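Residue-level listing of the chains:
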Amino acid sequence: MAWLCSRIVFHKCRRTFSCNAVKFSKKETFPDPLELATGLEKRELLAAAAGNFDPYHMKAIEISRDSTKDCPNLVPSAFKSRIVGCICEPDTSHVNWMWLHDGQPRRCECGHWFKLTQVAPL
């Protein structure tokens, strides 16, 4: 019986294997990622094609040093509230976090004012 098992193990494989590279003609190319994308991914790609590389408004904004309650720093949001981090001084090692709610300006511990502004969602 052992000779039968060794014969099966060392039996030559009958399937052929090809390792040639795929060749495309000049007419055939890979599809554009925009053609394959759907849903939010497609919206992100369309926004990037239009020049908006921050569609979710996640990049840091430069705050003005002379912000007041009447003229606060505007923070864009598609929702009614958003959490904001303020780096009060350039050499500080921590971030002051606070919630901003729609229509209510809020003052940070360092004295800067922030207000939420509505933007259209992606």
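Note that the structure is predicted; figures quoted are calculated from it, not measured.

Scoring rules and cut-offs
- Residues numbered from 1 in each chain as written.
- Predicted model: local features only at pLDDT ≥ 70, side-chain atom pairs only at ≥ 80, totals over all residues.
- Heavy atoms only, no water.
- Helix = DSSP H or I, 4+ residues; strand = E, 2+ residues; numbered from the N terminus.
- Buried < 20%, exposed > 50% of the residue type's maximum accessible area, 1.4 Å probe, protein only.
- Contact = heavy atoms within 4.5 Å.
- Areas by Shrake-Rupley, 256 points an atom, 1.4 Å probe, with all protein chains shown as cover.
- Patch = residues over 30% accessible without salt bridge, like charges linked within 9 Å, V, L, I, M, F, W, Y side chains within 5 Å.
- Salt bridge = Lys/Arg side-chain N within 4 Å of Asp/Glu carboxyl O.
- Core = buried A, V, L, I, M, F, W, Y, C linked by side-chain atoms within 4.5 Å.
- UniProt positions renumbered as here; feature names shortened; annotations may be inferred.
- 1 Å grid on protein atoms, 1.4 Å probe; cavity = no way out; pocket = protein on both sides within 12 Å on 5 of 7 lines; lining within 4 Å.
- Points joined across faces, edges and corners; volume = space filled by probe spheres on them.
- Pairing = 2+ DSSP bridges.

Asker: Which parts of the structure should I look at to understand the overall build of the chain?
Answerer: Secondary structure summary: the chain contains 3 helices and 5 strands in total. Ordered by position from the N terminus, the helices and strands of the chain form the series α-α-α-β-β-β-β-β. A buried classification covers 20% of the 122 residues belonging to the chain. Long-range contacts, defined as pairs at least 24 residues apart, comprise 41% of the intrachain contacts of the chain with a sequence gap of at least 6. Of the accessible surface of the chain, which amounts to about 10600 Å², a share of 59% is contributed by carbon and sulfur atoms.

Asker: I'm lost on a nonpolar patch on the surface in this one. Help?
Answerer: Among the surface-exposed residues, I83, I87, V95, W97 and W99 lie close enough to one another that they form a single nonpolar patch of about 540 Å² accessible area. Structurally, W99 can be placed in strand 3 (residues 96–101).

Asker: Explanation requested: the nonpolar core in the structure shown.
Answerer: Note on soluble globular proteins: their nonpolar side chains tend to be buried together. Counting 10 residues, the largest nonpolar core consists of I63, V75, V84, C86, C88, M98, L100, C108, F114 and L116. Where this core is concerned, the elements lending two or more residues are strand 2 (81–86), strand 3 and strand 5 (113–118).

Asker: Hey, could you run me through the UniProt feature "binding site: Zn(2+)" (unreviewed entry) in the chain in this one?
Answerer: As recorded in UniProt, the sites labelled "binding site: Zn(2+)" (unreviewed entry) are C86, C88, C108 and C110. These residues run over 25 residues, yet every pair of their C-alpha atoms falls within 8.8 Å of each other. Restricting the annotated residues to those that line the largest pocket leaves C86. Looking at the element boundaries, C88 is found in the loop between strand 2 and strand 3. If near-sequence neighbours (up to four positions away) are discounted, C88 is found in contact with R65, N96, C108 and C110. Structurally, C108 can be placed in the loop between strand 4 (106–107) and strand 5. Given the relative accessible area of 5%, C108 is considered buried. Leave out the neighbours within four places in its chain, and C108 touches C86, C88, N96, M98 and F114.

Asker: Hey, could you run me through the layout of surface pockets in this one?
Answerer: Here the idea is plain: a probe the size of a water molecule rolls over the atoms and shows the empty space left. Approximately 530 Å³ is the volume found for the largest pocket. Lining the largest pocket we find 21 residues, and of these K59, A60, I61, V84 and G85 sit closest to its centre. Contributing elements (two or more residues each) for the lining of the largest pocket: strand 1 (73–77) and strand 2. Broken down by element, the residue count for the lining of the largest pocket peaks at 5 residues, all from strand 2.

Asker: Help me out: how do you make sense of the sheet that holds strand 4 in this one?
Answerer: Across a sheet, paired strands are connected by hydrogen bonds in the backbone, their directions being either parallel or antiparallel. The sheet built from 3 strands is open, its strands ordered 1-5-4 with mixed pairing. Looking at strand neighbours, the two that pair on one side only are strand 1 and strand 4, the edges of this open sheet.

Asker: Is there a simple way to think about the environment of C86 in this case?
Answerer: By the secondary structure assignment, C86 is in strand 2. Residue classification places C86 among the buried positions, given a relative accessible area of 2%. In this structure, the C-alpha to C-alpha distance between C86 and W97, residues 11 residues apart in sequence, is 6.4 Å.

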